[in-house]
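# Structural features, examined
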Amino acid sequence: MDDFNSIVLEGNIVRDPESRETAKGIPICMFSIAVNKNYRTSQGERRQEVSFFDIETWGALATSCSSYCAKGRGIRVVGRLKQNRWQDTEGKNHSKVKIVAEHVDFKPRFSGPKDNQSILDNAQNNHIPPKHQEMADLAEAALANSLSLEMREPALCEAVF
């Protein structure tokens, strides 16, 4: 029986993603998210605790994240925990836990206040209303996400899982 290792996190991306490929050409995308927890103290004061998590994606999901992840964007990550262990040059042991994402949901991007002229200019230049473009971007990201699970190569699944 396999042990259970699953995690769901929802937060905001804290920096633009870093992308690369393995020697075999498999895409990897890495980024970090901030997850906020609001609570009240015993004295009734509101407090916020922020935790930061490193996320790693592989294959088609990594390609989607490279395209759609950006600093500040809200996401939900479903994945598993992975621990890396190593020794430094002085023989001291180190360890780091990260999340290997198996599914990522992209939350809508919210833009700041715009004046009517900039909205009109944007719509005329792109020939697509800004709200429709945002919906098209989200639909494309969702499709890429759903395909990423179906298109994984067996060798990649063995390496990742």
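In this text, all values refer to a predicted model and were calculated from it rather than measured experimentally.

Let us now look at the overall build of the protein. Within the protein, the secondary structure is distributed over four helices and six strands. Looking at the protein as a whole, 29% of its 161 residues qualify as buried. When contacts within the protein are restricted to residue pairs at least 6 apart in sequence, those whose partners lie at least 24 apart make up 60%.

On to the environment of threonine 22, then. Here threonine 22 shows up in the loop between strand 2 (18-21) and strand 3 (27-40). You can call threonine 22 partly exposed: its relative accessible area is 22%. C-alpha of threonine 22 to C-alpha of tryptophan 58: the two residues are 36 residues apart in sequence and 9.8 Å apart in space. If we skip the residues at most four places from it in the chain, threonine 22 touches Ile28 and Trp58.

If you walk through the whole model with that rule in mind, you get eight salt bridges. The shortest N-O distance in the salt bridge between glutamate 56 and lysine 98 comes to 2.7 Å. With a gap of 42 residues between them, glutamate 56 in strand 4 (residues 46-58) and lysine 98 in strand 6 (residues 93-106) connect regions that are remote in the sequence. Lysine 98 sits in the buried class, given a relative accessible area of 16%.

Another aspect to go through is the packing of aromatic side chains. This model, assessed by the stated rule, comprises one aromatic pair. Arranged with centres 5.8 Å apart and planes meeting at 55°, the rings of tyrosine 68 and phenylalanine 106 form a pair that is tilted. You can see tyrosine 68 sitting in helix 1 (residues 59-68) and its partner phenylalanine 106 sitting in strand 6, a full 38 residues away along the chain.

This paragraph deals with the side chain of serine 32. Here serine 32 shows up in strand 3. Here the side chain of serine 32 touches arginine 15 through a polar contact of 2.8 Å, side chain to side chain. If near-sequence neighbours (up to four positions away) are discounted, serine 32 is found in contact with Asn12, Ile13, Val14, Arg15, Phe53 and Asp54.

A few words now on the environment of alanine 60. Here alanine 60 is to be found in helix 1. As a C-alpha pair, alanine 60 and isoleucine 26 span 34 residues in sequence and 8.8 Å in three-dimensional space.

The rules we used
- Residues numbered from 1 in each chain as written.
- Predicted model: local features only at pLDDT ≥ 70, side-chain atom pairs only at ≥ 80, totals over all residues.
- Heavy atoms only, no water.
- Helix = DSSP H or I, 4+ residues; strand = E, 2+ residues; numbered from the N terminus.
- Buried < 20%, exposed > 50% of the residue type's maximum accessible area, 1.4 Å probe, protein only.
- Contact = heavy atoms within 4.5 Å.
- Salt bridge = Lys/Arg side-chain N within 4 Å of Asp/Glu carboxyl O.
- Phe/Tyr/Trp six-rings, centres within 6.5 Å; stacked < 30°, edge-to-face > 60°.
- Polar contact = N/O pair within 3.5 Å; in protein donor to acceptor, adjacent residues only side chain to side chain.

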